[in-house]
Amino acid sequence: MNRRYIRAFLIAAAVVVAFVVLHYGCQESKDLTAGDEAGRVYVAPGTYDEFYLFTSGGFSGQIGVYGLPSGRMFRVIPIFSQDPEKAWGYSEESKPMFMTSHGFIPWDDAHHPKLSQTDGVADGRWIFINANNTPRVARVDLASFKTAEIIEIPNSGGNHGSPFLTENTEYVVASTRFSVPIPNEDVPISSYKENFKGTISFISVDKEGAMDVAFQILVPGFNYDLAHSGKGPSHGWAFFTSYNTEQANTLLEVNASQNDKDFIAAVNWKKAEEYVAQGKVKTFNASYFRNYFDEKKHMGFSEQKNTVKVLLPEDCPGLIYYLPTPKSPHGVDVDPTGEYIAAGGKLASVIVVHSFSKMLKAIENKEFETTIDGIPVLKYESVIGGEVQNPGLGPLHTEFDGNGYGYTSSFISSEIVKWKIGTWEVVDRIPAYYSIGHLCVPGGDTRKPWGKYVIALNKITKDRYLPTGPELTQSAQLIDITGDKMKLLLDFPTIGEPHYAQAIPADILMKNSKKIYPIEENQHPYGIKAEKDAKVVREGNVVHVYMSTIRTHFAPDNIEGIKVGDVVYFHVTNLEQDWDIPHGFAVKGMQNSELLIMPGSTETIVWTPQKEGIYPFYCTDFCSALHQEMSGYIRVSLRGSNVAIMYGTGK
Amino acid sequence: MKTRSKIIIIVASLLLILTFFFPIWYIDLEAPQYPEGIGLEIWLSKITGQNPNDLDNINGLNHYIGMKRIEPNAIPELTIMPFVIIFMIVFGLVSGILGKRSLVYIWIVLFVVMAAVGLYDFYLWGYDYGHDLDPNAAIKVPGMAYQPPLIGSKMLLNFNAISMPHIGSWILVLTVVLAAVALYLDKKNKTFEVSNA
């Protein structure tokens, strides 16, 4: 009797234990699996990401700044776009940065950020980015994360194959996506083949970063797409993909997709320098602007240029060659050794990898297929290093990990394909979500990649995140490439639209990141160094308000004697010398924007009051417990009024 | 005095020159919103922030609760102290050169008096600084005073205020110790001589 009960109890206990172990054990197992990836991207509160990632904002005209591996967004840098948060393009100091031969252009389609390099490695001084629409290149300082310079490119119909840098930042290159008559003129569009041309531009960069269009090469009217400069043995050369070698001017999706091969243009820029030095240039008249920001004066300046030096391939043997490349090639990516040039053809079924050394030999042996406008076309079989078979559909862009592998984004099949340099075999592939455009290995386009991650930059987002109406931010994935197999670690949204990205170890930039501008170094002509220097000065119908701001008041904060129709310049100096304490400044009904003034800096905004009355102004950036009290009044009187200029604080 | 002791006195005197180049005291303010730290260094002739701009930023912070601005130019001690130290250097050198024990004793006593007066003066300043609050201050906490500790740490609202001697003070201490050592060594020698006699 007792033994029977004991046996029953033991059986029941065993069943319960088995259930518990199987049920909760499995769950634990799942949790552990999930925790592995989560742990890899977890950056504990108060600690820092390993890398900065810079992505282009595309038609937003900006650069997004993120951390890796967390995928957190830290900042949006306005470059070609006005931004009322920072008064970029609204303050009088920043307006000159937007000047072009077409007038003030307050937006652009910003495609490719590129970090400055020393000896073929990212050095963290600057990041450059191209404007695709109104052809320009901008340089952003990576100590202040602020745009330092923007140069317009003359004789350009659209600046897509840009701003790729040479190994020591000697040049930033640019190439024309759209062809136009050069110089531009009124001709029938159907005369494309006769009249439309392109240019490849070499923009010199001096030690302080100042840019100048050193020379251009006049090239056939193809659509030039992307570029990269050579490294090591191929230093001195730059490479540019092209499509529309059919020279179509309408329905390009059909008419520009007929030829089996388009070209990579290979430019020997060392030889170009020789030709320029020999005076073999044609001087073209061209109006274009260079705009730069003086960090001591806290002001932008604009200078107009009127001529540009142009080299003609017919007159300059050895300057430029075409490498036949299947089909509508997009990326042209040079491996870390500088020997291999990988081309992703949007409509190709293979990734073609040209060999630089074979190219030199083919040139030496004059193994030409034909000549186009004085440019020799090398034989495909003479320059090819290898072909990667089955690379997915629509291969676009390749980056390298420094361990002998290339990673190529394939748009149509929505995947990243990993392949071996030299054997050209595909060794791994991983889906991207969805329709990957470009990708980024930190330093993956330099001599020394940091081959830990690859970031997929996707064009389509669909169901990756919570929906936000018809429009969604773009989607990025962080993928681990330290093992044989790629491993997806994280999804993160990115502001529209990333066309390219660059990443760099955080410690290279962190140590130089600016905290404040020393007030004693402020050379702004309307800046003041102390509250006692605040004043209001009338010059005809123009009024200059020399204002200071510090927690938690403006000086002056009561202003009288302004008349309807006066042009009032508020020059606001932030006297704070504490990190991350900007002050804002906004007037009710201001027609342009507010100001956001960094510690030690001076910014100016113009206001033209339209009606008499009392106008409040206030600080827009929360800065202290008394932020709401940080405000003042401007009295505006009728034009003929005899109210005198009067101002003060605390009286 | 024996030559060895004379030399020690002279070296101790010259050591005092270093007090012109190092802070005497520091006051640290620790708070969550200042992860990089914020604090003051008090020197013979000036008060500075530990980081550039800390003094201005502390003045900015403290005006919310009505504390007076620290204006180094308006503090007479910062004008007086350099001369006191110069006097002590000269006094020490003269004592060392002449080798008179009585002068060294006086030197040591002057140091102790100077230190006591200095600390008391510092206490009075701290008391006034922490209690004499602007009645128009934006933030008033009834019954609260903001006197930093003379030595040690103390919570003042959300700041942990830490007040400690800095290198300059330790140099002063070292000087006194060396003077005492010199006297001791000289006395020891005297005893030996007496024994011989």
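Each value, and the rule that gives it
Residues numbered from 1 in each chain as written. Chains lettered and ligands numbered in written order. Predicted model: local features only at pLDDT ≥ 70, side-chain atom pairs only at ≥ 80, totals over all residues. Heavy atoms only, no water. Helix = DSSP H or I, 4+ residues; strand = E, 2+ residues; numbered from the N terminus. Rg over C-alpha atoms; globule rule 2.2 N^0.38 Å. Contact = heavy atoms within 4.5 Å. Lys, Arg positive; Asp, Glu negative; His and termini not counted. Charge placed at Lys NZ, Arg CZ, Asp CG, Glu CD. 1 Å grid on protein atoms, 1.4 Å probe; cavity = no way out; pocket = protein on both sides within 12 Å on 5 of 7 lines; lining within 4 Å. Points joined across faces, edges and corners; volume = space filled by probe spheres on them. Nonpolar A, V, L, I, M, F, W, Y, C, P; charged D, E, K, R; others polar. Pairing = 2+ DSSP bridges. Axes fitted to C-alpha atoms, helices over the stretch in contact; angles between N-to-C directions. Buried < 20%, exposed > 50% of the residue type's maximum accessible area, 1.4 Å probe, protein only. Buried area = accessible area lost by both parts, 1.4 Å probe. Salt bridge = Lys/Arg side-chain N within 4 Å of Asp/Glu carboxyl O. Polar contact = N/O pair within 3.5 Å; in protein donor to acceptor, adjacent residues only side chain to side chain. Core = buried A, V, L, I, M, F, W, Y, C linked by side-chain atoms within 4.5 Å.

Draft legend 1. Main features of the overall build of chain B. When its secondary structure is counted, chain B shows five helices and five strands. The N-to-C order of helical and strand elements in chain B reads α-β-β-β-α-α-α-β-β-α. Against the 2.2 N^0.38 benchmark of 16 Å for 197 residues, chain B shows a C-alpha radius of gyration of 21 Å, more extended than a compact globule. Here the C-alpha coordinates of chain B stretch approximately 75 × 30 × 30 Å along the principal axes. Taking the intrachain contacts of chain B between residues at least 6 apart in sequence as the baseline, contacts between residues at least 24 apart amount to 64%. For chain B, the distance from the average position of its 13 positive side-chain charges to the average position of its 14 negative side-chain charges is 20 Å.

Draft legend 2. Broad picture of the environment of Phe145 of chain A. Residues and elements named next belong to chain A. Assignment of secondary structure puts Phe145 in the loop between β8 (136–141) and β9 (146–152). A sequence separation of 18 residues divides Phe145 from Ile127, and the C-alpha atoms of the two residues are 9.2 Å apart. Other than its neighbours up to four places away in sequence, Phe145 contacts Tyr52, Phe54, Val65, Arg75, Ile77, Val140, Leu509 and Ser513.

Draft legend 3. A look at empty space enclosed by the protein. Going through the model one piece at a time under the given rule, you end up with two cavities of 30 Å³ or more. Space inside the largest cavity adds up to approximately 60 Å³. Taken together, Lys114, Gln117, Leu165, Thr166, Glu167, His228, Ser229, Gly230, Lys231 and Asp445 of chain A form the lining of the largest cavity. Of all the secondary-structure elements, those providing two or more residues to the lining of the largest cavity are β6 (114–118) and β14 (223–229) of chain A. Tallied by class, the residues present in the lining of the largest cavity amount to one nonpolar, five polar and four charged. As a volume, the second largest cavity reaches approximately 40 Å³. Taken together, Phe122, Tyr123, Trp125, Gly126, Gln147, Pro148, Pro149 and Leu150 of chain B form the lining of the second largest cavity.

Draft legend 4. Layout of the sheet that holds strand β3 (residues 73–78) of chain A. Residue and element names in this part refer to chain A. Judged by pairing direction, the sheet is antiparallel, and its four strands sit side by side in the order β3-β2-β1-β34 without closing on themselves. Each of the sheet's edge strands pairs with one partner strand only, and the pair in question is β3 and β34 (501–505). Direction aside, the axes of adjacent strands within the sheet are offset by 20° on average. Relative to β3, strand β2 (residues 62–68) is paired through five bridges, and the arrangement is antiparallel. Among the inter-strand pairings, Tyr66 is bridged to a residue of β3, identified as Met73.

Draft legend 5. How the structure looks around the pairing of strand β39 (residues 567–574) of chain A. Residues and elements named next belong to chain A. For β39, a buried count of six out of eight residues is recorded, marking the element as mostly surrounded by other parts of the structure. Across eight bridges, strand β36 (residues 542–550) lies against β39 in parallel orientation. Bridge pairing links Val543 to Val568 in β39. Taken together, the six bridges between β39 and strand β42 (residues 602–607) define a ladder with antiparallel strand orientation. Residue His571 lies in a different strand from β42, and its bridge partner there is Thr604.

Draft legend 6. Quick look at the interface of chain B and chain A. Opposite the seven residues of chain B that make contact, chain A presents eight residues. Taken over both partners, the interface formed by chain B and chain A buries close to 670 Å², and the fraction arising from carbon and sulfur atoms is 46%. Across the contact surface, chain B and chain A share zero salt bridges. Across the contact surface, chain B and chain A share four residue pairs in polar contact (both at pLDDT 80 or more).

Draft legend 7. Layout of the nonpolar core. Counting 29 residues, the largest nonpolar core has Ile200, Phe202, Ile217, Phe240, Leu311 and Tyr322 of chain A as the members making the most contacts within it. Apart from the residues lying within four places of it in its own chain, the contact partners of Phe202 of chain A are Tyr171, Val172, Val173, Asp212, Val213, Ala214, Phe215, Ile217, Ala238, Phe240, Val267 and Trp269 of chain A.

Draft legend 8. Fine view of unusual backbone geometry. Residues and elements named next belong to chain A. Residue Tyr434 follows Tyr433 across a cis peptide bond; omega there is -10°. Inspection of the secondary structure assignment puts Tyr434 in the loop between β29 (426–431) and β30 (436–440). The backbone of Thr169 shows a phi angle near 55°, a positive value even though the residue is not glycine. Exposure remark for Thr169: the relative accessible area of 3% places this residue in the buried category. Of note in the backbone geometry, Ser328 takes a positive phi value of approximately 50° without being a glycine. With respect to the secondary-structure elements, Ser328 resides in the loop between β19 (320–326) and β20 (329–334). With relative accessibility at 4%, the residue Ser328 sits in the buried group.

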